[in-house]
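# A look at the structure
What follows is the residue order along each chain.
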Amino acid sequence: MIQTELPSEFKGINRFAIKAMLYLNGFAHIVIGLALATSIIMFTWLFFVEISAAAHANNLIHGFIHALGTLMLLWSISALISAEIRYLNGSKLEVETFIEVVMVLFLRKLIVLPVQDAKPTLEEVGIWVGGAFLIGVLYILVIRFRKIIPDFKRK
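Reference entry: report on the structure contained in this document. (Residues numbered from 1 in each chain as written. Predicted model: local features only at pLDDT ≥ 70, side-chain atom pairs only at ≥ 80, totals over all residues. Heavy atoms only, no water.)

### Some words on helix H3 (residues 95-112)
- Given a rise of 1.5 Å per residue, 18 residues ought to cover 26 Å, and the 26 Å separating the end C-alpha atoms of H3 matches this to within 8%.
- Within the span of H3, buried status applies to Glu96, Thr97, Ile99, Val101, Val104, Phe106, Lys109 and Val112.
- Next to the buried residues of H3 lie helix H2 (60-88) and helix H4 (122-148). (Helix = DSSP H or I, 4+ residues; strand = E, 2+ residues; numbered from the N terminus. Expected span 1.5 Å × (residues − 1). Buried < 20%, exposed > 50% of the residue type's maximum accessible area, 1.4 Å probe, protein only. Contact = heavy atoms within 4.5 Å.)

Here it is as structure tokens:
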């Protein structure tokens, strides 16, 4: 016989354990939110430091592309903060958010690839372009799948 419920003697402990896990999960999400907020401040600061360094080095194009890479990291963190806010307001985490973050990170790499210290090989460029393409296809498939199957949409 398969047991589907806890014995009645454990119901009190079970309720306590669930309540404790809910509080710990809430605390974890507060910590995650604060860490993401801190990273927003740090990436914003880094963006302006990189722009300033580029201006002082008389190398605006190279420096701005690096700063743009930092700005794209800021964009990724912002998307994660938006997802965290929706989660804390009772919504479920959407897979699209994480796919979008990965797409932005691929685009960031493609933007900073030409100005990195070592010249990228054709194979490296191909891997990043192919990866960005596949992530884009995955994003389109997820969006289309949600439109085709309405019950799959989360509320």
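Next comes the rest of the account.
### Brief notes about the nonpolar core
- In this structure, Ile99, Phe106, Ala132, Ile135 and Val142 together form the largest nonpolar core, which totals five residues.
- The element best represented in this core is H4, accounting for three residues. (Core = buried A, V, L, I, M, F, W, Y, C linked by side-chain atoms within 4.5 Å.)

### Topic: the packing of H2 against H3
- For the pair H2 and H3, interaxial distance at closest approach is 9 Å and the crossing angle is 175°. Of the possible angle classes, the one that applies to H2 and H3 is roughly antiparallel. Contacts from Ile65, Leu68, Gly69, Thr70, Met72, Leu73, Trp75, Ser76, Ala79, Leu80, Ala83 and Arg86 of H2 reach H3 at Thr97, Phe98, Val101, Val104, Leu105, Leu107, Arg108, Ile111 and Val112.
- Considered class by class, the residues forming the contact of H2 with H3 number 15 nonpolar, four polar and two charged. (Axes fitted to C-alpha atoms, helices over the stretch in contact; angles between N-to-C directions. Parallel < 35°, antiparallel > 145°, perpendicular 65-115°, else oblique. Nonpolar A, V, L, I, M, F, W, Y, C, P; charged D, E, K, R; others polar.)

### Remarks on the packing of aromatic side chains
- For the coordinates displayed, the defined rule picks out two aromatic pairs.
- Both rings, one in phenylalanine 47 and one in phenylalanine 48, keep their centres 5.2 Å apart while their planes meet at 70°; by these two values the pair is edge-to-face.
- In this structure phenylalanine 47 comes out as buried when scored by relative accessible area, which is 13%.
- Residue classification places phenylalanine 48 among the exposed residues on the basis of a relative accessible area of 52%. (Phe/Tyr/Trp six-rings, centres within 6.5 Å; stacked < 30°, edge-to-face > 60°.)

### Remarks on the environment of isoleucine 13
- In this structure, isoleucine 13 sits in helix H1 (residues 11-56).
- Between the C-alpha atom of isoleucine 13 and that of isoleucine 65, which follows or precedes it by 52 residues, the distance is 56 Å.

### Remarks on a nonpolar patch on the surface
- Taken together, Phe133, Leu134, Val137 and Leu141 make up a surface patch of nonpolar side chains, about 420 Å² in accessible area.
- Along the chain, leucine 141 turns up in helix H4.
- Take leucine 141: its relative accessible area is 54%, and that puts it in the exposed class. (Patch = residues over 30% accessible without salt bridge, like charges linked within 9 Å, V, L, I, M, F, W, Y side chains within 5 Å. Areas by Shrake-Rupley, 256 points an atom, 1.4 Å probe, with all protein chains shown as cover. Salt bridge = Lys/Arg side-chain N within 4 Å of Asp/Glu carboxyl O.)

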